[in-house]
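Geometric and topological summary
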Number of protein chains: 2
Amino acid sequence: MNRRDVLIGGSAALVSAVLSPSVFSNDKPKHQVLALVFDDYETLDLHGPIEMLGHMPNAQISLVGSQSIVRSYQGPKVVTDRQFPDVVPCDLFLVPGGIGTRKLVEDKALTAWLAKQCKVSKKVFSVCTGSALLAKTDVLNGVSATTNKMAYAWVTSLNSQVTWQPTARWVDDGKFLTSSGVSAGIDAALHYIKQTFGEAEARRIEQLTEYQWNSDSHNDPYAISV
Amino acid sequence: MNRRDVLIGGSAALVSAVLSPSVFSNDKPKHQVLALVFDDYETLDLHGPIEMLGHMPNAQISLVGSQSIVRSYQGPKVVTDRQFPDVVPCDLFLVPGGIGTRKLVEDKALTAWLAKQCKVSKKVFSVCTGSALLAKTDVLNGVSATTNKMAYAWVTSLNSQVTWQPTARWVDDGKFLTSSGVSAGIDAALHYIKQTFGEAEARRIEQLTEYQWNSDSHNDPYAISV
């Protein structure tokens, strides 16, 4: 029964039973998603992927940061579930970007934590200039990756050992999934869901969110020539 | 100077000066956006529009709810800036949807507050099943509106005096802008920016977020036949 069936035909109780996280409180291990937040993170870099990932079977999403309340560039604030220097084994570690990365790339404690957190994460997913933070560690060295095309010159200048791709909505190179700017993170999140749970699940989530998925990583409307 | 110029050519200090909210701390009145939040709101219904609206000139975005910390359906929590029963005059009042609306439509105190808040808002913008909450007041009576196509039967059953539209990515009927499900709120937010600040501003924000705007309200990939 998908959400369309539920929402069209279902009673409130049935909808709750089928959709609320409580239905996932079972013996199955959660699909753990950990997302980094920092002041002046870009709102959609974080919440676009979270929208899609939050509909995965048995998903559990937590936020980690340096303090309990973190402010987005757009203004609204989120509450962190964990704080540094904890590292947390997870299935997917999401690293958003935003103007706050301009300051964070100079934060050696953050960079050291980031390298440790990547080690205990099965997959690492950066959106937009989140790749700038990863590029300040050595985890992307020798890896094919992309970033926000509006900030391409700056991000790629941070680490010449990364195989940067100027034309890619996202790049999936084994452990590291890196997307282009802001909205591209939503398309890359659906790619992760397809890879992890199959295309039918990705299409189900695309439909229930009335999204129009750019499902071709090579279709990059903001590609640049370098 | 747009954000692309800044991010490609700018120094961190310049970027900060041009982009950080502090640059807007001037004598110009803020463009006030107030957004309702409630437990089990749908993440992208709120944060998709906030991403786009947050890049408007002089934008100031606040969250209002019944308690200080509110949990999204996907898990992450946000912090409210104001709490009921305050009503706040604003330029735009954003009402997201989500599974939490199934319970909220029965909350008479919320409905009464909503009607008062709509009165002091220049424009009211609902996303997804946020229109179900508005439909429980009389503010949409005689108004052309749309809602989440996955929940169309339920929402439209709440108020027969609304002129519901089964084929519309969004409907703009004077004071009330109502969008289809989840992702459609991003397209409707860019419509509001175009209407308020001109198409060049909407296209600038589309580009800096690497978004692919469905700018035609009649282009509804999830339209249903009724």
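Residues numbered from 1 in each chain as written. Chains lettered and ligands numbered in written order. Predicted model: local features only at pLDDT ≥ 70, side-chain atom pairs only at ≥ 80, totals over all residues. Heavy atoms only, no water.

**Observations concerning the overall build of chain A**
Helix and strand content of chain A: nine helices and 11 strands. The 226 residues of chain A split such that 62% are buried. Restricting the contact set of chain A to residue pairs at least 6 apart, pairs at least 24 apart contribute 66%. Total accessible area on chain A stands at roughly 8000 Å², and carbon and sulfur atoms take up 51% of it. (Helix = DSSP H or I, 4+ residues; strand = E, 2+ residues; numbered from the N terminus. Buried < 20%, exposed > 50% of the residue type's maximum accessible area, 1.4 Å probe, protein only. Contact = heavy atoms within 4.5 Å. Areas by Shrake-Rupley, 256 points an atom, 1.4 Å probe, with all protein chains shown as cover.)

**Some points on the packing of aromatic side chains**
Summed over all chains, the structure comprises four aromatic pairs over all chains. Judged by centre distance (4.5 Å) and plane angle (45°), the ring pair of B:Phe84 and B:Trp113 falls under tilted. Residue B:Phe84 is located in the loop between β5 (82-83) and β6 (90-95), and its partner B:Trp113 is located in helix α5 (residues 108-119); the two are separated by 29 residues in the primary sequence. With 5.7 Å between their ring centres and 80° between their planes, B:Phe93 and B:Trp113 make a pair best called edge-to-face. Taken together, the residues span a long stretch of sequence, with B:Phe93 in strand β6 and B:Trp113 in helix α5 at a distance of 20 residues. The exposure class assigned to B:Trp113 is buried, which follows from its relative accessible area of 4%. Among the aromatic side chains, those forming a connected cluster through ring pairs are A:Phe84, A:Phe93 and A:Trp113. (Phe/Tyr/Trp six-rings, centres within 6.5 Å; stacked < 30°, edge-to-face > 60°.)

**Describing the packing of helix α8 (residues 184-197) of chain A against helix α9 (residues 199-208) of chain A**
Between α8(A) and α9(A), whose axes approach to 6 Å, the crossing angle comes to 145°. Listed contacts from α9(A) to A:Leu190, A:Ile193, A:Lys194 and A:Phe197 of α8(A) are A:Glu199, A:Glu201, A:Ala202, A:Ile205 and A:Glu206. (Axes fitted to C-alpha atoms, helices over the stretch in contact; angles between N-to-C directions.)

**A closer look at the relation of the copies chain B and chain A**
A rotation about an axis combined with a shift along that same axis relates the two copies of the chain. Between the two copies, chain B and chain A, the superposition gives an RMSD of 0.0 Å; the rotation angle is 180° and the shift along the axis is 0.0 Å. Put plainly, the chains are arranged around a two-fold axis. When C-alpha distances to the rotation axis are compared across chain B, the minimum falls at B:Val78, with a value of 2.1 Å. A shared binding surface is used by both copies, with 98% of the interface residues of chain B retained as interface residues in chain A. (Least-squares fit on C-alpha atoms with pLDDT ≥ 70 in both.)

**Considerations on the interface of chain B and chain A**
Counting from both sides, the interface comprises 55 residues of chain B and, opposite them, 54 residues of chain A. Summed over both sides, the interface between chain B and chain A buries roughly 5200 Å², with carbon and sulfur atoms accounting for 57% of that surface. Its largest share of buried area at the contact with chain A, chain B owes to B:Tyr73, B:Met150 and B:Glu210, together 16% of the area lost on that side. Counting across the chain B and chain A interface gives two salt bridges. Close ionic contact of A:Lys77 with B:Asp81 constitutes a salt bridge, the shortest N to O distance being 3.0 Å. (Buried area = accessible area lost by both parts, 1.4 Å probe. Salt bridge = Lys/Arg side-chain N within 4 Å of Asp/Glu carboxyl O.)

**Re unusual backbone geometry**
Residues and elements named next belong to chain A. Geometrically, the link from Phe-84 to Pro-85 is a cis peptide bond, its omega value of 0° lying close to zero. In this structure, Asn-58 is a non-glycine residue whose phi angle is positive, near 65°. Examined against the element boundaries, Asn-58 turns out to sit in the loop between α3 (43-53) and β2 (59-65). With a relative accessible area of 4%, Asn-58 lands in the buried category.

**Here's the deal with the sheet that holds strand β3 (residues 69-71) of chain B**
An order of β3(A)-β4(A)-β4(B)-β3(B) is seen for the four strands of this open sheet, with the pairing classed as antiparallel. Two strands in the sheet have a free side with no partner beyond their single neighbour: β3 (69-71) of chain A together with β3 of chain B. Each strand axis lies, on average, 35° off the axis of its neighbour in the sheet, ignoring direction. One ladder, built from three bridges, connects strand β4 (residues 77-79) of chain A with strand β4 (residues 77-79) of chain B; its direction is antiparallel. From the neighbouring strand, A:Val79 faces β4(B), where its bridge partner is B:Lys77. (Pairing = 2+ DSSP bridges.)

**Considering the pattern of salt bridges**
Residues and elements named next belong to chain A. Enumeration according to the criterion identifies 22 salt bridges over all chains in this entry. A salt bridge links Glu-199 to Lys-194; the shortest N-O distance between them is 3.8 Å. Put simply, Arg-204 and Glu-201 hold a salt bridge, and the shortest N to O gap is 2.6 Å. Of the two residues, Arg-204 and Glu-201 both sit in helix α9, three residues apart, roughly one turn of that helix. The class for Glu-201 is buried, based on a relative accessible area of 13%.

**Points about the sheet that holds strand β10 (residues 170-173) of chain A**
All names here are of chain A. The seven strands are arranged β5-β2-β1-β6-β7-β11-β10 in an open sheet whose pairing can be described as mixed. Both outer strands of the open sheet, β5 (82-83) and β10, are each paired with one neighbouring strand and no more. Looking at chain direction, strand β1 (residues 31-36) and β2 are connected through six bridges and run parallel. Paired with Gln-32 across the bridge in β2 is Gln-60. Sheet strands in contact with α3 are β1, β2, β6 (90-95) and β7 (121-126), and its direction is about 160° off that of β2. Across the sheet, α8 lies against β1, β6, β7, β10 and β11 (176-179), angled at about 150° from β11, the strand it touches most.

**Points about the environment of A:Ala168**
Residues and elements named next belong to chain A. Within the secondary structure layout, Ala-168 lies in the loop between β9 (163-164) and β10. Overall, Ala-168 belongs to the buried group, its relative accessible area being 4%. Expressed as a C-alpha distance, the spacing of Ala-168 and Ser-180, which sit 12 residues apart in the sequence, is 7.0 Å. Residues within four places of Ala-168 in sequence aside, it is in contact with Thr-146, Lys-149, Ser-180, Ser-217 and Asp-220.

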